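So you can see what is in the structure, the chains are spelled out below.
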Amino acid sequence: MEVVSVTCALIFLDQKVLCAQRSEAMQLPGLWEFPGGKIEKGESPEDCLIREIKEELAISINIIGSLRSNEHAYSDVKVIRLMPFICVWGSGKLKLVEHQEVKWLAKEELKSLNWAQADIPIVEDLYVNWNNIQEQLVEYNREN
Ligand SMILES: Nc1nc2c([nH]c(=O)n2[C@H]2C[C@H](O)[C@@H](COP(=O)(O)OP(=O)(O)OP(=O)(O)O)O2)c(=O)[nH]1
C-alpha cells in the first residue's frame, strides 16, 4: 500500500497555535487540520512545508522543531503519514488561499474542533507537550 507523506505546520504566536478548516472544495471538507501538504519528489519535508505554507497562507515560516509523525489509514488504499513541525511566523500577511477559516487556539481550546482523523494523535501530543514547546519558543525568540 502506498503511504503518502504530508507535512503540517504548528504555527505559534502569543501562546496560541494556528488551526485551519478545510474548504468544501478540498478532500475532508469542513474538517480542521494544521496547514501543509504532500511532499513532492526530491523535496525535503522542511522545504515542502515552507512551500505549502507560502502557497496556502501567503506567509513565510521558520521551522524550529518537530513532533512525532502519525500514520493514519483513511481507507484500504490511502495511508497518510502526517509529519508535524513546530514553526513561527517569519514574514508576510496571512491570506486564506485554500482554507475556509483559521483560528488561533490556546491549549485548552484545542480539543473543541472537529479534527481530521490523522490529526487527532498530533493534537494529543501537542496538548501533552504544550509547556515544553512554549519553552522552546521562548528560547528561539531569545536567540533570534
Ligand atoms: N495538510 C494537511 N493535510 C492533512 C492533515 N490531516 C490530514 O488527514 N490531511 C490529509 C488531507 C489530504 O488527504 C492530505 C494532504 O493533501 P492536501 O490536499 O492538503 O495537500 P496538497 O496541497 O499537497 O495536495 P494536492 O491538492 O496538491 O494533491 O493529507 C493536516 O493536518 N494537514
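Keep in mind that what you see is a predicted model, and the values were worked out from it rather than measured.

Undergrad: What is the right way to read the site of the ligand from this model?
TA: Around the ligand sit 18 residues in total, of which Gln27, Phe34, Lys38, Tyr74 and Asp119 are the nearest. A distance of 2.7 Å is found between an oxygen atom of the ligand and a side-chain nitrogen or oxygen belonging to Lys38. Between an oxygen atom of the ligand and a side-chain N or O atom of Asp119, the distance comes to 2.5 Å. Across the complex, the protein chains shield 80% of the 630 Å² of accessible surface that the ligand would expose by itself. One can see that the ligand is located within the largest pocket. Contributions of two or more residues to the shell around the ligand are made by strand S1 (3-13), strand S4 (36-38) and strand S7 (79-91). Among the elements that line the shell around the ligand, the one with the most residues is S4, at three residues. Classifying every residue of the shell around the ligand gives nine nonpolar, three polar and six charged.

Undergrad: What should I look at first to understand the state of the cysteines in this one?
TA: By definition, a disulfide links the sulfur atoms of two cysteines through a covalent bond. One pass over the structure, following the stated rule, counts zero disulfides. The structure places no disulfide on Cys19, whose sulfur is separated from the nearest cysteine sulfur, that of Cys8, by 11 Å.

Undergrad: Explanation requested: the nonpolar core in the structure shown.
TA: The tendency in soluble globular proteins is for nonpolar side chains to be buried as a group. Counting 25 residues, the largest nonpolar core has Leu10, Phe12, Val17, Cys19, Phe34, Trp115 and Leu126 as the members making the most contacts within it. Of all the elements in the fold, those that place two or more residues in this core are S1, strand S2 (16-21), S7, helix H2 (120-128) and helix H3 (130-143). In this view, Leu10 contacts Val17, Phe34, Leu67, Pro84, Phe85, Ile86, Cys87, Ile122 and Leu126; residues no more than four positions away in its chain are not counted. Membership of the second largest hydrophobic core comes to 13 residues, among which are Leu49, Ile53, Leu57 and Val102.

Undergrad: Would you take a moment to explain the layout of surface pockets for this structure?
TA: Empty space among the atoms becomes apparent when a probe as large as a water molecule is rolled across them. The volume enclosed by the largest pocket comes to roughly 390 Å³. Lining the largest pocket are 22 residues, with Val6, Arg22, Glu33, Gly37 and Lys38 sitting closest to its centre. Of all elements in the fold, only S1, S4, helix H1 (45-57) and S7 reach the threshold of two or more residues within the lining of the largest pocket. Here the lining of the largest pocket is composed, by residue class, of ten nonpolar, four polar and eight charged.

Undergrad: Sorry if this is basic, but what is going on with the packing of aromatic side chains here?
TA: Aromatic rings in a pair are described by how distant their centres are and how their planes are angled relative to each other. Within the structure shown, the criterion is met by three aromatic pairs. With a centroid separation of 6.1 Å and 5° between ring planes, the pair formed by Trp89 and Trp104 is classed as stacked. With Trp89 in strand S7 and Trp104 in strand S8 (residues 101-105), this pair connects stretches of sequence that are 15 residues apart. According to the relative accessible area criterion, Trp89 is partly exposed, its value standing at 27%. Positioned over the ring face of Tyr127 is Lys111, at 3.9 Å from the centre of the ring.

Cut-off values and rules
- Residues numbered from 1 in each chain as written.
- Predicted model: local features only at pLDDT ≥ 70, side-chain atom pairs only at ≥ 80, totals over all residues.
- Heavy atoms only, no water.
- Near = heavy atom within 4 Å.
- Polar contact = N/O pair within 3.5 Å; in protein donor to acceptor, adjacent residues only side chain to side chain.
- Areas by Shrake-Rupley, 256 points an atom, 1.4 Å probe, with all protein chains shown as cover.
- 1 Å grid on protein atoms, 1.4 Å probe; cavity = no way out; pocket = protein on both sides within 12 Å on 5 of 7 lines; lining within 4 Å.
- Sits in = over half its atoms within 2 Å of the grid points.
- Helix = DSSP H or I, 4+ residues; strand = E, 2+ residues; numbered from the N terminus.
- Nonpolar A, V, L, I, M, F, W, Y, C, P; charged D, E, K, R; others polar.
- Disulfide = S-S within 2.5 Å.
- Core = buried A, V, L, I, M, F, W, Y, C linked by side-chain atoms within 4.5 Å.
- Buried < 20%, exposed > 50% of the residue type's maximum accessible area, 1.4 Å probe, protein only.
- Contact = heavy atoms within 4.5 Å.
- Points joined across faces, edges and corners; volume = space filled by probe spheres on them.
- Phe/Tyr/Trp six-rings, centres within 6.5 Å; stacked < 30°, edge-to-face > 60°.
- Lys NZ or Arg CZ within 6 Å of the ring centre and 35° of its normal.

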